[in-house]
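Spelled out from the first residue to the last, the chains are:
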Amino acid sequence: MKTRDERIRYVIQHRDGSFLNVRGERKTDFMTVDRWGSVVDVDAFLHGYYAPDVPEDYHAQPVKIIYELEVPE
C-alpha cells in the first residue's frame with residue numbers, strides 16, 4: 001500500500017520575495033496563496049484579464065507538497 005506521495009505545484013512570487021494570490025493581494029507566506037498545477041497556468045493568469053500591473057515582476061515558484069498517510073499508534 002502506498003503511504004506517501006509528492007507533488008509539485010506553483011505559487012506566484014514577486015521579484016521582492018512576496019507572493020501573489022488570485023485577488024491581487026501580496027502576501028509574505030506562500031502557504032496563504034493559491035497553488036497552480038503548472039507553469040502554463042501561472043503564465044496564463046499573469047497575462048490574462050486579472051493580471052497584476054507589471055506581470056514581468058512575477059514568476060512561477062515551484063513548491064513541493066508531501067502527503068503522508070497518518071498511521072495510528
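Note that the coordinates shown come from a computational prediction; the quantities given were computed from them, not determined experimentally.

Criteria and cut-off values
- Residues numbered from 1 in each chain as written.
- Predicted model: local features only at pLDDT ≥ 70, side-chain atom pairs only at ≥ 80, totals over all residues.
- Heavy atoms only, no water.
- Helix = DSSP H or I, 4+ residues; strand = E, 2+ residues; numbered from the N terminus.
- Rg over C-alpha atoms; globule rule 2.2 N^0.38 Å.
- Buried < 20%, exposed > 50% of the residue type's maximum accessible area, 1.4 Å probe, protein only.
- Contact = heavy atoms within 4.5 Å.
- Areas by Shrake-Rupley, 256 points an atom, 1.4 Å probe, with all protein chains shown as cover.
- Lys, Arg positive; Asp, Glu negative; His and termini not counted.
- Charge placed at Lys NZ, Arg CZ, Asp CG, Glu CD.
- Phe/Tyr/Trp six-rings, centres within 6.5 Å; stacked < 30°, edge-to-face > 60°.
- Core = buried A, V, L, I, M, F, W, Y, C linked by side-chain atoms within 4.5 Å.
- Salt bridge = Lys/Arg side-chain N within 4 Å of Asp/Glu carboxyl O.

*Asks:* Help me understand the overall build of the chain, please; the structure alone is not making it clear to me.
*Replies:* Secondary structure summary: the chain contains 1 helix and 4 strands in total. Along the chain, helices and strands appear, N-terminal first, in the series β-β-β-α-β. Whereas a compact globule of 73 residues would reach a radius of gyration of roughly 11 Å, the chain reaches 15 Å, over 25% beyond that. Dimensions of the chain, computed from C-alpha atoms along their principal axes, come out at roughly 50 × 25 × 20 Å. Taken across its 73 residues, the chain has 27% of its residues classed as buried. A sequence separation of at least 24 residues applies to 63% of the contacts in the chain between residues at least 6 apart. As displayed, the chain offers around 5600 Å² of accessible surface, 51% of which is attributable to carbon and sulfur atoms. Looking at charge distribution, the chain has the averaged site of its 10 positive side-chain charges lying 3 Å from that of its 14 negative ones.

*Asks:* Looking at this structure, how should I read the packing of aromatic side chains?
*Replies:* Each pair of aromatic rings is reported with the distance of its centres and the angle of its planes. Overall, the coordinates contain 3 aromatic pairs when judged by the stated rule. When the centroid spacing of 6.2 Å and the interplanar angle of 55° are considered together, the rings of Phe-19 and Phe-30 count as tilted. Linking Phe-19 in strand β2 (residues 19–20) with Phe-30 in the loop between β3 (26–27) and α1 (39–46), this pair joins segments that are 11 residues apart in sequence. A relative accessible area of 9% places Phe-19 in the buried class. Overall, the relative accessible area of 33% leaves Phe-30 in the partly exposed class.

*Asks:* Would you mind going over the nonpolar core with me for this structure?
*Replies:* One recurring pattern in soluble globular proteins is that nonpolar side chains are buried together. Ranked by size, the top nonpolar core spans 8 residues in total: Tyr-10, Ile-12, Leu-20, Trp-36, Val-42, Phe-45, Leu-46 and Tyr-58. Secondary structure elements with two or more residues in this core: β1 (4–14) and α1. The element that contributes the greatest number of residues to this core is α1, accounting for 3 residues.

*Asks:* I would appreciate a short explanation of the pattern of salt bridges in the present structure.
*Replies:* Oppositely charged side chains are able to pair whenever their charged atoms sit close together. Counted by the stated rule, this structure contains 9 salt bridges. The shortest N-O distance in the salt bridge between Arg-4 and Glu-6 comes to 2.7 Å. A relative accessible area of 40% places Arg-4 in the partly exposed class. In this structure Glu-6 comes out as partly exposed when scored by relative accessible area, which is 38%. Of the charged contacts, one joins Lys-27 and Glu-25 as a salt bridge, the two residues approaching to 3.9 Å between their closest N and O atoms. On the accessibility criterion, Lys-27 (28% relative accessible area) is partly exposed. When salt bridges with common partners are traced through the structure, they connect Arg-4, Glu-6, Lys-64 and Glu-68 into a single cluster.

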